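Descriptive analysis of the structure
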Amino acid sequence: QVRLVESGGGLVQPGGSLKLSCAAGGSIFGLYDMGWYRQAPGKQRELVATITSGLRTNYTDSVKGRFTIFRDNAKNTVYLQMNSLKPEDTAVYYCNRAQYASRWLWGQGTQVFVSS
């Protein structure tokens, strides 16, 4: 099993930015398509951004133009740069494999709270 450790969350005002990191234990991290998910209180976990092993990216409509996913395979880390944050971005953010059915055990996530 791959151990996932997310970090970088916090409290930010609307319009602010945060950069999330997810470190994945395992020497074959670079072979997998990865994704960032989020879960807001009372809502289902949703996939917001993906990056393939070939570095193709995709985003859910609500974050397009504001979030950027990228990865550093040498560091076994995937990142999510979040700009122009909105209160509706408030959630716990998780990383995992982009193919939900093949997901690894979830990490603890990192809390993002957008509020003035």
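Scroll up a little and you will see the structure.
Note that this is a predicted model, so its numbers are computed, not measured.

1. What to know about the pairing of strand β4 (residues 34-39)
With 5 of its 6 residues buried, β4 lies for the most part within the structure. In this antiparallel pair of consecutive strands, β4 and strand β5 (residues 46-51), the connection spans 6 residues, and Gly42 shows a positive phi of 75 degrees. As paired strands, β4 and strand β9 (residues 91-97) are joined by 6 bridges and run antiparallel to one another. Note on β9: the bridge partner recorded for Tyr37 is Tyr94.

2. Details of the packing of aromatic side chains
This structure, assessed with the given rule, holds 6 aromatic pairs. Between Tyr37 and Tyr100, the ring centres sit 6.3 Å apart and the planes meet at 55 degrees, which makes this aromatic pair tilted. Here Tyr37 is found in strand β4, whereas its partner Tyr100 is found in the loop between β9 and β10 (110-114), with 63 residues between them in sequence. For the ring pair Tyr37 and Trp106, a centre distance of 5.1 Å and an interplane angle of 90 degrees mean the geometry is edge-to-face.

3. Some thoughts on the sheet that holds strand β3 (residues 18-24)
The pairing of strands in a sheet comes from backbone hydrogen bonds and takes either a parallel or an antiparallel form. Here 4 strands make up an open sheet; going across it, the order is β1-β3-β8-β7 and the pairing antiparallel. Because the sheet does not close on itself, it has two edges, and the strands there are β1 (4-7) and β7 (67-72). Along the sheet, successive strands turn relative to each other by an average axial angle of 15 degrees, direction set aside. Inspection of the sheet shows β7 paired to strand β8 (residues 77-82) by 6 bridges, in the antiparallel sense.

4. Points about the state of the cysteines
On inspection of all chains with the given rule, the structure shows 1 disulfide. Residue pairing for Cys22: its cysteine sulfur links by disulfide to Cys95, the two sulfurs lying 1.7 Å apart. In this pair, Cys22 is assigned in strand β3 and Cys95 in strand β9, connecting sequence segments 73 residues apart. There is no split in this pair, since Cys22 and Cys95 are both buried.

Thresholds applied
- Residues numbered from 1 in each chain as written.
- Predicted model: local features only at pLDDT ≥ 70, side-chain atom pairs only at ≥ 80, totals over all residues.
- Heavy atoms only, no water.
- Buried < 20%, exposed > 50% of the residue type's maximum accessible area, 1.4 Å probe, protein only.
- Helix = DSSP H or I, 4+ residues; strand = E, 2+ residues; numbered from the N terminus.
- Pairing = 2+ DSSP bridges.
- Phe/Tyr/Trp six-rings, centres within 6.5 Å; stacked < 30°, edge-to-face > 60°.
- Axes fitted to C-alpha atoms, helices over the stretch in contact; angles between N-to-C directions.
- Disulfide = S-S within 2.5 Å.

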